[in-house]
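# Survey of secondary and tertiary structure
This is what each chain is made of:
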4 protein chains.
Amino acid sequence: MEDVRRIARDKLKGICGVYKDCDGDPRRLCQGQSYGRALGIGGIGSGASFNNNFIALRKHKLRMKLVEEDFIPNTVYDFFGKKLSMPIMAASVAGVNSFGGDSVISEYDFCSTVVQGCKAAGSIGWRGDTYTYSLDNSYGINAIADADGHGVKIVKPRDQETIIKFFKKAENVGCIAVGVDIDGCGSYAMATHNKPVFKKSTEDIKELISSTKLPFIIKGIMSVEDASKVVEAGASAIVISNHGGRVLDHTPGTADVLPQITKKFKGKVKIIVDGGIRTGYDVVKMLALGADSVLIGRDIIRAAVGAGTKGVKIHMEYMLQSLTKAMKMTSCKTIEDITPEVIC
Amino acid sequence: MEDVRRIARDKLKGICGVYKDCDGDPRRLCQGQSYGRALGIGGIGSGASFNNNFIALRKHKLRMKLVEEDFIPNTVYDFFGKKLSMPIMAASVAGVNSFGGDSVISEYDFCSTVVQGCKAAGSIGWRGDTYTYSLDNSYGINAIADADGHGVKIVKPRDQETIIKFFKKAENVGCIAVGVDIDGCGSYAMATHNKPVFKKSTEDIKELISSTKLPFIIKGIMSVEDASKVVEAGASAIVISNHGGRVLDHTPGTADVLPQITKKFKGKVKIIVDGGIRTGYDVVKMLALGADSVLIGRDIIRAAVGAGTKGVKIHMEYMLQSLTKAMKMTSCKTIEDITPEVIC
Amino acid sequence: MEDVRRIARDKLKGICGVYKDCDGDPRRLCQGQSYGRALGIGGIGSGASFNNNFIALRKHKLRMKLVEEDFIPNTVYDFFGKKLSMPIMAASVAGVNSFGGDSVISEYDFCSTVVQGCKAAGSIGWRGDTYTYSLDNSYGINAIADADGHGVKIVKPRDQETIIKFFKKAENVGCIAVGVDIDGCGSYAMATHNKPVFKKSTEDIKELISSTKLPFIIKGIMSVEDASKVVEAGASAIVISNHGGRVLDHTPGTADVLPQITKKFKGKVKIIVDGGIRTGYDVVKMLALGADSVLIGRDIIRAAVGAGTKGVKIHMEYMLQSLTKAMKMTSCKTIEDITPEVIC
Amino acid sequence: MEDVRRIARDKLKGICGVYKDCDGDPRRLCQGQSYGRALGIGGIGSGASFNNNFIALRKHKLRMKLVEEDFIPNTVYDFFGKKLSMPIMAASVAGVNSFGGDSVISEYDFCSTVVQGCKAAGSIGWRGDTYTYSLDNSYGINAIADADGHGVKIVKPRDQETIIKFFKKAENVGCIAVGVDIDGCGSYAMATHNKPVFKKSTEDIKELISSTKLPFIIKGIMSVEDASKVVEAGASAIVISNHGGRVLDHTPGTADVLPQITKKFKGKVKIIVDGGIRTGYDVVKMLALGADSVLIGRDIIRAAVGAGTKGVKIHMEYMLQSLTKAMKMTSCKTIEDITPEVIC
């Protein structure tokens, strides 16, 4: 894995330091590179939202519990009927070529790499949407199609008609689920490329849900109010996310928001979370706070740039390995055993 | 905007680093340059007051609320009958030539640039007072006059007679409002240049109010007691301010003081605040804490030095743009919707 | 002592900075060198567990009490019938040759140096176990044998049969006590070298206790639940330890866990603690939090590498000297006088 | 003043950085230079005690109150019948030649400089004691004698007989007061130079008090228990002090301990405090926490080294000037007006 990271560090020179801690510290080279334009791989504006994700997770600590019969943790996770090897999937990062150019990795190659690498590791690669994507050039859906549908497609909050067309395409290639990342509604990049994005009402969401046979996911929930409306609309899953700190400056860390939402909606909707998760230890923290599963983003970029499909697979296996160890050392035989008592 | 900042960084070499975060961190080059004499652009003494402004704002975070009908936020703000495009104005910074010399920018040019740039952006430039100003050389009032009165004139707490003469001059050129920054009473620079400054009593303030037909503002309120006396005296507006951390070492951040005052006086007097506000996200925080509007200071200096009137206009437009985005992402259709629930 | 440290700094170039504060700060060169493989002398993964030990101790401060008759503190500590000069022993660090190679120090020399240096200072050197150790090559027991049994032998949580054989060997050379560091159950190094390690149940621990005449110690307790089971099983002593932050990322500091355990089990079992203890001042903090005695680890490596047996002896004497001073300045005539009132 | 500091920075190269913030940050060059031996100008051991003084003061902030009649603050302070220009005196620092050598400043010159500079500024220089001092070579008393007795003499807690002889000498030259810094009882330097130091009991203190006609001061109080015993013994004044963080590692900041003591003993004994005080703003904080007056240490060394008697005088005048400003801006007409309401 160190080799993969070394190559990535070389290829991402000036964009990402591939630091040992990817913590959104204000001094990192990725942070604060712009006033709302191109972001690189850092957080938007001051970078506080990115850094808050790290800080919120860092507050929680793991309680070791060792005295008992030895066991091998069972990390299997059921995601809409698919038995995954772990409750960890790759986030719907898109536009990686925008900061590095095709010389680093082309958008299709990035998408394919994530989908295939995750599949090989027993996980799922989610694929996203950005201003370079269209119904004709849908890199993510193409990559999922080439993996026999083993993927999840997230669409930006474009006009309803376009979203529904994307969903149909995703259905046709056999996607596992579809969704919208509603926090994309403030994107300048989309607006300035003539692909306007919008806030979505409960009615809009109901319409999207009824337009597809696939499980429907809303990504970008950071308040109880939004969670409540989305659950009421009938979504199958929500993702607690501030988009890796890349859509609005000064949002709280997701680990701070998560327990407010799991307290009310645990068991009523699948609750997924991302934001600052780097290891299986972080995964245990998030599951202890009530999440059903998690997404990881920046590390997947580095793995894909560093060693393609193999790099992604190695990274997901590292996530599984560290999750397994964390579960063993905290007395969790299954992921359902990861309760609030595990953290302190 | 990055271009403007690059030019400013060059012109302000050794005075201001034009850092991505203007946070008053003790390691910044502007901080701690003196023992109470020339300040440059940093905070007085240890710089703690400047840094406290940043820290106090940083504690608050924005709650994203996205599920609803799409809308375009209305940022219009009524300031004594003027409909502004935003609740953001330029602070009454003066003496910019004192640290850079006329080669950076002359005092009149700075004043004119701020007033004209703000006007062009639909805002108002406030103008101040320092030891180089007199009734005969009143750079700020001249600049306001040249903008057909579109400005606010703040006078240092000089003797009553002089203040009243300044107010008359401001009235004559059609100023929107006048005021006194009472936190200037400890200024060595004024004292040593034979322009003594004084604390002002409730009676003094009443006298000043009755001397002018213009709305009257007191700037430099940092305690409930002072707010109470000023409201009792009949002021039209107060500014919660520690003068950007430049008058007294070790004052709290204004965002920490603001809610104590808005709790008691919201609606009874116009409440304005400055201190560490760099973006529309910060503006939303301050309005959520009860302020009616805000002033920005250091960034205006950098914008003016970097690109004159155009630089100021661009910067104010950036403030408006980021405010609009922050309002959209936190479900605020108008500035009245920015209530305490918006932050967490 | 500065000389010893200077030599160690030279020999450990790239492995350990021999910093004035060995605090597990993320910026230290030892921190974050690996993704779960070779650790050097830092903490595992992000290094948070190591750093948390330091932070947890730093929170506590010493209350000076000076007005009374002068006295010389009595630091004598009874450890299973041995009268030690201080309640401080050397931790069971093993595998020092794994990061430095034999050119720094051979494993046997390291073991012998620790055991002999501690004995010379009136303390006891504990010796450990790692993947290079076997019943035939038991560096620690050999070193203890050469010191006439003046040592404690800790075995990794291998299969029961192997542990019992190690215990018999330890008994035969006259060891003072034996034990198992149960937090070693997650070790990849042991697993990949065909020396598998396991979690241990209450029944397992009972079996181990009944297999030996020596006092039995469980090391690696970080929860009240584990302490309860181990006390119930009949152990003579427990060590509150996160293994210097080297077995599981994101564990709390031991000084944060210690009072929860001493509150319930003080007097029912000997309670020992390690983690971030660098001076007699830290020892007083740990004893004030309820520990009976402490272990020190990293500083012993540096002392041994720097000046062998003499280096260890000098370091232990420094620990005693600083403990004596701390006790004198906080009004503690004996180690029993070190109660919670001593810290604030 | 900047000139004085520049010269001092040059002369103290490698000993003291003459930083803009003298905060005891662990990264400062003065910190952690030793394992209990020569200290330079930093704190003992880890330097935590020094740093804690700074942190404890930094927590408090000043409440500006500006609306009232203008006034000039009266800073006069009565110290055992002497009317001082300010409630600020120079601490009993000794042994300055030990780190710099006579080439920086000789011990007598340092003492004389402090006593004369303080006297010229309307304050008092306290003089101390260290292993190079004896009844025959009493630099401090000589310097006070040469200033017509305008000084305070503090003696280390040597044997009673020696202390009493020092007090007699001090009486003979007309000293204003005498005292003992009981926190010196742990000094290795004294012990190793055959000048043993001791803890002092209530009876010892009574004996010292009855041995002299001068007001008697105990310095080094960091607990309510010690304060209680010393007040009971009949001391005229106590100094809350951790000796600038130079006698015991990990003591709390004095500003954290002060209010516990002033709450019980305000008005029953003169309460003086030192530790991290650099400006009149810090003085206001300490007086708001209940102190009657304060001592300053490190800045006096830098002033004396930088410009001798004149440097000390300039520095004390700066202290007075900043105190005056702080009082004016917080609505304190006299030092008695500096109550807890002044800070927040």
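Notes on the structure in this doc start here. All values derive from a computational prediction rather than experimental measurement.

Attention shifts here to the pattern of salt bridges. If you walk through the whole model with that rule in mind, you get 76 salt bridges over all chains. Between Glu 161 of chain A and Lys 165 of chain A there is a salt bridge, and its shortest N-O distance comes to 3.6 Å. Taken as a pair, Glu 161 of chain A and Lys 165 of chain A lie in helix α6 (residues 160-172) at a separation of 4 residues, close to a single helical turn. Classification of Lys 165 of chain A as partly exposed rests on a relative accessible area of 43%. Between Lys 119 of chain D and Asp 148 of chain D there is a salt bridge; the shortest N-O distance is 3.9 Å.

The next subject is the arrangement of the chains. With no contact between them, chain B and chain C keep their nearest C-alpha atoms 18 Å apart. In this structure chain A stays clear of chain D, and the shortest span between their C-alpha atoms is 18 Å.

Let's shift gears to the pairing of strand β8 (residues 237-240) of chain D. Residue and element names in this part refer to chain D. Along β8, one buried face is formed by Ala 237 and Val 239 and the opposite face, lined by Ile 238 and Ile 240, is buried too. Relative to β8, strand β7 (residues 216-221) runs parallel, the two sharing 4 bridges. Its bridge partner lying in β8, Ile 221 is registered against Ile 240. Taking the sense of rotation as the criterion, the β-α-β connection linking β7, helix α9 (residues 224-233) and β8 turns out right-handed. Relative to strand β9 (residues 270-273), β8 runs parallel, the two sharing 4 bridges. Of the residues in β9, the one forming a bridge with Ile 240 is Val 273. Taking the sense of rotation as the criterion, the β-α-β connection linking β8, helix α10 (residues 254-265) and β9 turns out right-handed.

Here we take up the interface of chain A and chain C. Put simply, an interface is often sized by how much accessible area is lost when its parts join up. If you look at the interface, chain A gives 30 residues, while chain C gives 39 residues. Considering only the surface of chain A that becomes buried against chain C, Lys 20, Met 64 and Val 67 of chain A emerge as the three largest contributors, covering 24% of it. Taken together, the connections running from chain A to chain C amount to 2 salt bridges. Where chain A meets chain C, there are 14 residue pairs in polar contact (both at pLDDT 80 or more). Counting only elements with at least two residues in the side of chain A that touches chain C, the list comes to α1 (2-11), α11 (280-288) and α12 (298-329) of chain A. Top contributing element to the side of chain A that touches chain C by residue count: α12 of chain A, with 6 residues.

Moving on, we get to the relation of the copies chain A and chain C. Take chain A, turn it by 90°, move it 0.0 Å along the axis, and it overlays chain C with an RMSD of 0.0 Å. These values place the two chain copies in the arrangement generated by a four-fold rotation axis. Taking C-alpha positions as the reference, the residue of chain A nearest the rotation axis is Arg 27 of chain A, at 9.2 Å. Counting the interface residues of chain A, we find that no more than 3% of their copies in chain C are interface residues as well, pointing to two distinct contact surfaces.

Below, the discussion takes up the packing of helix α4 (residues 107-120) of chain D against helix α12 (residues 298-329) of chain D. Residues and elements named next belong to chain D. Running from N to C, α4 and α12 point in directions that differ by 20°, and their axes come no closer than 7 Å. When the interaxial angle is binned, α4 and α12 end up roughly parallel. Between α4 and α12 lies a crossing whose hand is left-handed. Across the interface between the two elements, Phe 110, Thr 113, Val 114, Gln 116, Gly 117, Cys 118 and Ala 120 of α4 pack against Ile 300, Ile 301, Ala 304, Gly 308, Thr 309, Val 312, Lys 313 and Met 316 of α12. Per-class residue counts for the contact of α4 with α12 are 9 nonpolar, 5 polar and 1 charged.

Taken residue by residue, the interface counts 39 residues in chain D and 30 residues in chain C. When chain D packs against chain C, the two sides together hide about 3100 Å² of surface, and 56% of this comes from carbon and sulfur. Taken together, the connections running from chain D to chain C amount to 2 salt bridges. For the salt bridge of Lys 199 of chain D with Glu 68 of chain C, the shortest nitrogen-to-oxygen distance reads 2.6 Å. Our count for the contact surface shared by chain D and chain C stands at 14 residue pairs in polar contact (both at pLDDT 80 or more). Elements with a contribution of two residues or more to the side of chain D that touches chain C: α2 (48-58), α8 (202-210) and α9 of chain D. Looking at the side of chain D that touches chain C element by element, the count peaks at 4 residues for α9 of chain D. When grouped by side-chain class, the residues that make up the side of chain D that touches chain C number 15 nonpolar, 14 polar and 10 charged.

Thresholds, definitions, all that
Residues numbered from 1 in each chain as written. Chains lettered and ligands numbered in written order. Predicted model: local features only at pLDDT ≥ 70, side-chain atom pairs only at ≥ 80, totals over all residues. Heavy atoms only, no water. Salt bridge = Lys/Arg side-chain N within 4 Å of Asp/Glu carboxyl O. Helix = DSSP H or I, 4+ residues; strand = E, 2+ residues; numbered from the N terminus. Buried < 20%, exposed > 50% of the residue type's maximum accessible area, 1.4 Å probe, protein only. Contact = heavy atoms within 4.5 Å. Pairing = 2+ DSSP bridges. Right-handed = clockwise from strand over helix to strand, strands pointing away. Buried area = accessible area lost by both parts, 1.4 Å probe. Polar contact = N/O pair within 3.5 Å; in protein donor to acceptor, adjacent residues only side chain to side chain. Least-squares fit on C-alpha atoms with pLDDT ≥ 70 in both. Axes fitted to C-alpha atoms, helices over the stretch in contact; angles between N-to-C directions. Parallel < 35°, antiparallel > 145°, perpendicular 65-115°, else oblique. Left-handed = near helix turned anticlockwise from the far one by under 90°. Nonpolar A, V, L, I, M, F, W, Y, C, P; charged D, E, K, R; others polar.

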